[in-house]
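# Fold and contact review
Residues per chain are reported as follows:
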Amino acid sequence: SDNLSATIMVPERSRLIPLTTVLVLLFGSLCLRLLLAPYEVFPLDMDLMQGWGHYAVEHGVTQIADAAAGKKREMYPPLFYYQNAALTHLASGRLANLEQSYPEVAKVWERVRFKLVPIGYDLLTGILILVVLAKIAPPPWPLVGAAAYLLNPCVFINSGWVGQADCVYSLFLLASVLCLCRA
């Protein structure tokens, strides 16, 4: 048998899920979100996220709470700031060069870069849904469940187009429920 017929085997119930189908679902979901990522829907939200990311790189993530004290600016959980700081620092030298040559392209790339965090969490949540459903339901239901989440317009618009971090909470909420069920 060739590589395309590989499967994901869930040990507890030995249910097979075609790997190519999972990869197509994940790749299609990623492409859908990346098509939306260059657009700026709520400029104030994007400026806020990018501003906190730049501040975290320059002053350290631990200084954000002090900087926000007394200001009417949104606060996010520390993990979100760490990730934004890492993305801000990632290839910042190349971004500076790009800003000099092509300032509009640099703005789009910075937006896409910040939307990669929610996009990644969406894909991880879809994988977690697939794994959980594979343990309790026969095929094709695990794929249907993962696709229902990943291809839900509310979900992919929120992460890919708007760039909101709601999917971070969704992933940890689902993982918490899974841990509680196993306890």
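Above this note sits the structure.
Residues numbered from 1 in each chain as written. Predicted model: local features only at pLDDT ≥ 70, side-chain atom pairs only at ≥ 80, totals over all residues. Heavy atoms only, no water.

Attention now moves to the overall build of the protein chain. If you tally the helices and strands in the protein chain, you get nine helices and two strands. Put simply, the protein chain runs from its N terminus to its C terminus through helices and strands in the order β-β-α-α-α-α-α-α-α-α-α. A total of 183 residues make up the protein chain; the buried ones form 37% of that total. Taking all contacts inside the protein chain whose residues are at least 6 apart in sequence as the whole, residues at least 24 apart take part in 68%. (Helix = DSSP H or I, 4+ residues; strand = E, 2+ residues; numbered from the N terminus. Buried < 20%, exposed > 50% of the residue type's maximum accessible area, 1.4 Å probe, protein only. Contact = heavy atoms within 4.5 Å.)

Further remarks concern the packing of helix 6 (residues 103–136) against helix 8 (residues 153–162). Across the interface, helix 6 lies against helix 8 with an axial gap of 8 Å and an inter-helix angle of 155 degrees. In terms of axis orientation, helix 6 runs roughly antiparallel to helix 8. Only Val155, Phe156, Ser159, Gly160, Trp161 and Val162 of helix 8 make contact with helix 6, whose side of the interface consists of Lys115, Pro118, Ile119 and Asp122. Among the residues making up the contact of helix 6 with helix 8, the classes are represented as six nonpolar, two polar and two charged. (Axes fitted to C-alpha atoms, helices over the stretch in contact; angles between N-to-C directions. Parallel < 35°, antiparallel > 145°, perpendicular 65-115°, else oblique. Nonpolar A, V, L, I, M, F, W, Y, C, P; charged D, E, K, R; others polar.)

A word on the pattern of salt bridges. Under the defined criterion, the tally for this structure stands at four salt bridges. Notably, a salt bridge pairs Glu40 with Arg111, separated by 3.8 Å at the nearest N-O pair. Within this pair, whereas Glu40 is found in the loop between helix 1 (19–36) and helix 2 (43–59), its partner Arg111 is found in helix 6, the two being separated by 71 residues in sequence. In this structure, Lys107 engages Glu104 in a salt bridge whose closest nitrogen and oxygen atoms are separated by 3.5 Å. (Salt bridge = Lys/Arg side-chain N within 4 Å of Asp/Glu carboxyl O.)

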